[in-house]
Amino acid sequence: MGLKSKDLLGMKQLTAEEIMEILDTAKTMKLVISSANKKTSHLQGKSVVTLFYENSTRTRLSFELASKYMGSASANISTSGSSVNKGESLLDTARTIDMMGTDIIIMRHNHSGAPHFIAPHLKASVVNAGDGMNEHPTQALLDMLTMYERFDTFEGKNIAICGDVYHSRVVRSNAIGLTKLGANVSVYGPKTMMPIGIEKMGVRIADSVADCVRDADAVMGLRVQLERQQKSLFPSIAEYSHFYAITPEMLALAKPDAFLMHPGPCNHGVELPTAVYDCDQSVINEQVTNGVAVRMAVLYLLMARRNNL
Ligand code: CP
C-alpha cells in the first residue's frame, strides 16, 4: 500500500493502479469529512507545510484541513511575510523547511517544473499543488473522484473540456489521468488558446463547443486565465462568451445524465453563465469537498509508502 514515489509531482508519474488506489482511499476519507468528529490519527506525529508562491483558496485550504483532520502538525508559508521577499532562493527556502523535520512540503509555484527541481534535494515528500502551466495533479484527482462517484469505470467515457486550454495545468493533468484510465477526452477553445501538439496527449481537438460536448458523460469548463496572458488572445469578453461559453443549450447536447464541472475559481458570465454554474447538473460544490478527500488520501498514501520502506 502507498505510492511508489517519494513525491507526487504529476499525473505523468502515477500508474493507473496508483490513481485508482488514491480514488478508492479518497472515498473512505470522504466519510471523515462528513462525520461529526473530523479527527483521525493517520498523520499523527507527522508535519506538513504548505509553501505557496501563487494565490489559492481551494487547494491551500483543502491541504491544510486535510492534514489537520488527520492529526499532523501543519504550517503555512507564503511569499509575503517570508524571507522569499528578501531574495532567498527557492532551493534555500525548501531546504530550510526540510531541515525543520518536515515530512511533506506542498508547493504551488508560478514556474513549471519548480517542484520537480526541489524534490530530489529534500528528504521531505514534495506534492505539486500546481506548477505554472504544467500540472495540477491533485485537481485532476479530485475531478476524477467526482466522476468515479458516478461512473463504474472510466473506460470509454466521453469527457469534454472547454475553455482556456493553453494556460491550463488542470487540463493537462486531467488529460494524462483520464486517458491512462481509458476515457475519451475532447478539448475545445479559441485557436489562440490551444497548445500546439496537444493531440499528442491522446486528446481529440473538437471543432466547436457543440462538437466537444455532444454525447459527453461529463463536461468541464476552464477558467480564462487573464493573469497569465501577456497579450489579449481574444478580441473581447463578449465575443469569448458568445463563441466559447458552455451555455444551457450547449450543455443540453451532452448525455441526459451528464454533469458539469469547473475547477474554480470561475469567471461568471465568461466561461459559464451563472445559470449553468448553479444548474442541477452542476457538481462544482461537490468538487470542493472531494478536494479535501483526495488530498487526505494523497498525504496518507505518501506516508504509508514511507512506513512500508
Ligand atoms: N482549482 C484551484 O486550484 O483553485 P485555487 O487556485 O483556489 O487553489
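Relevant structure appears above.
Let me sum up the structure you'll find in this document. For every chain, the first residue of the written sequence is number 1, and numbering continues from 1 along that sequence. Where local features are concerned, this predicted model is filtered to residues with pLDDT of at least 70; where side-chain atom pairs are given and counted, the filter is 80 or more; whole-chain, interface and lining totals use all residues. Hydrogen atoms and water are omitted, and side-chain values are computed over all heavy atoms in the structure.

Concerning the overall build of the protein
Point 1. In terms of helices and strands, the protein carries 11 helices and 9 strands.
Point 2. For the protein, the C-alpha radius of gyration of 19 Å lies close to 19 Å, the compact-globule estimate for 309 residues.
Point 3. Considered along the principal axes of its C-alpha atoms, the protein spans approximately 55 × 45 × 35 Å.
Point 4. Evaluated residue by residue, the protein yields a buried proportion of 57% over its 309 residues. Runs of H or I in DSSP of at least four residues are treated as helices and runs of E of at least two as strands, each being numbered from the N terminus. We take the radius of gyration over the C-alpha atoms and set the globule estimate at 2.2 Å times the residue count to the 0.38 power. Here the term buried applies to any residue with accessible area under 20% of the maximum for its type, exposed to any over 50%, and partly exposed to those in between, with areas from a 1.4 Å probe on protein chains only.

Here we look at the sheet that holds strand β2 (residues 73–78)
Point 1. If you walk across this open sheet you meet the 4 strands as β2-β1-β3-β4, and the pairing is parallel. With partners counted over all chains shown, the strands left at the sheet margins are β2 and β4 (125–131), one partner each. Taken over all neighbouring pairs, the strand axes of this sheet differ in orientation by 15° on average, direction set aside.
Point 2. Note that strand β1 (residues 47–52) and β2 share 6 bridges and pair parallel. Two strands make a pair as long as DSSP finds a minimum of two bridges between them. The axes are straight lines fitted to the C-alpha atoms, using for helices just the contacting stretch, and the angles between their N-to-C directions are given from 0 to 180°.

Section: the site of the ligand
Point 1. Near residues are defined by distance, with any heavy atom within 4 Å of the molecule or strand qualifying the residue. In the neighbourhood of the ligand, the contacting residues comprise Ser 56, Thr 57, Arg 58, Thr 59, Arg 108, His 136, Gln 139, Pro 263 and Gly 264.
Point 2. Ser 56 is positioned with one of its side-chain polar atoms (N or O) 2.6 Å from an oxygen atom of the ligand.
Point 3. Pairs of N or O atoms within 3.5 Å make up the polar contacts considered here, provided that, within protein, one atom can donate a hydrogen while the other can accept it, and that residues adjacent in sequence are counted only when both atoms are side-chain atoms. Backbone polar atom of Pro 263 to a nitrogen atom of the ligand: 3.0 Å apart, as the coordinates give it.
Point 4. With residues, only the protein chains shown are counted as cover, and all accessible areas are computed by Shrake-Rupley using a 1.4 Å probe. Relative to its unbound accessible surface of 260 Å², the ligand loses 90% to contact with the protein.
Point 5. For this classification, the nonpolar set comprises Ala, Val, Leu, Ile, Met, Phe, Trp, Tyr, Cys and Pro, the charged set comprises Asp, Glu, Lys and Arg, and every other residue, Gly included, is treated as polar. A per-class count over the shell around the ligand returns 1 nonpolar, 6 polar and 2 charged.

Section: the packing of aromatic side chains
Point 1. Pairing of aromatic rings covers Phe, Tyr and the six-membered ring of Trp, with a centre-to-centre limit of 6.5 Å; geometry is then stacked below 30 degrees between planes, edge-to-face above 60, and tilted otherwise. All chains considered together, the criterion is met by 6 aromatic pairs.
Point 2. An angle of 45° between the planes, with centres 5.7 Å apart, marks the rings of Phe 151 and Phe 259 as tilted. Of this pair, Phe 151 sits in the loop between α5 (137–148) and β5 (158–162) while Phe 259 sits in strand β9 (residues 259–261); the two residues are 108 residues apart in sequence, bridging distant segments of the chain. Across the pair, Phe 259 and Phe 151 agree in class, each one buried.
Point 3. Within the aromatic cluster, the residues linked to one another by ring pairs are Tyr 148, Phe 151, Phe 154 and Phe 259.
Point 4. For a ring to carry a charge above it, either NZ of a lysine or CZ of an arginine must fall within 6 Å of the ring centroid while also lying within 35 degrees of the normal to the ring plane. For Lys 157, the ring lying beneath its charged end belongs to Phe 151, and the centroid distance is 5.2 Å.

Some words on the pattern of salt bridges
Point 1. What counts as a salt bridge is simple: a side-chain nitrogen of Lys or Arg found within 4 Å of a carboxyl oxygen of Asp or Glu. One pass over the structure, following the stated rule, counts 8 salt bridges.
Point 2. In this structure, Glu 64 engages Arg 60 in a salt bridge whose closest nitrogen and oxygen atoms are separated by 3.4 Å. You can see Glu 64 and its partner Arg 60 sitting in helix α2 (residues 58–69), 4 residues apart, about one turn around the helix.
Point 3. The residue Arg 204 makes a salt bridge to Asp 211 at a minimum N-O spacing of 3.1 Å.

Here's the deal with the nonpolar core
Point 1. As used in this record, nonpolar core signifies buried Ala, Val, Leu, Ile, Met, Phe, Trp, Tyr and Cys residues forming a set joined through side-chain atoms within 4.5 Å. Core analysis: the biggest nonpolar cluster contains 63 residues, and Ile 106, Leu 141, Met 147, Phe 154 and Met 296 have the highest contact counts within it.
Point 2. Looking at which element gives the most residues to this core, the answer is helix α11 (residues 284–308), with 11 residues.
Point 3. Any pair of residues with heavy atoms lying within 4.5 Å of one another is described as a contacting pair. Residue contacts for Leu 141: discarding those within four places in its chain leaves Leu 8, Met 11, Leu 14, Ile 19, Ile 22, Leu 23, Val 294 and Val 298.
Point 4. In terms of nonpolar packing, the next biggest core, distinct from the first, is built from 26 residues, Val 209, Ala 216, Ala 254 and Cys 266 among them.

Describing the side chain of Asn 128
Point 1. Among the secondary structure elements, Asn 128 is positioned in strand β4.
Point 2. Overall, Asn 128 belongs to the buried group, its relative accessible area being 0%.
Point 3. A polar atom in the side chain of Asn 128 sits 2.8 Å from the side chain of Asp 131.
Point 4. Asn 128 has contacts with Leu 8, Leu 9, Met 107, Pro 115, His 116, Glu 135 and Pro 137, leaving out every residue within four places of it along the chain.

Structural notes on the sheet that holds strand β6 (residues 184–188)
Point 1. Strand order in the open sheet made by the 5 strands is β7-β6-β5-β8-β9, with parallel pairing throughout. The two strands at the open ends of the sheet, each matched to only one other strand, are β7 (204–205) and β9.
Point 2. Where β6 meets β7, 2 bridges bridge the pair, whose relative direction is parallel. Looking across to β7, one finds that Ser 186 is bridged to Arg 204.

Quick look at α5
Point 1. How far a helix is expected to stretch is found by multiplying one less than its residue total by 1.5 Å. For α5, with 12 residues, the first-to-last C-alpha span of 16 Å sits near the 16 Å given by 1.5 Å per residue.
Point 2. Residues Pro 137, Thr 138, Gln 139, Ala 140, Leu 141, Leu 142, Asp 143, Met 144, Leu 145, Thr 146, Met 147 and Tyr 148 constitute the buried set of α5.

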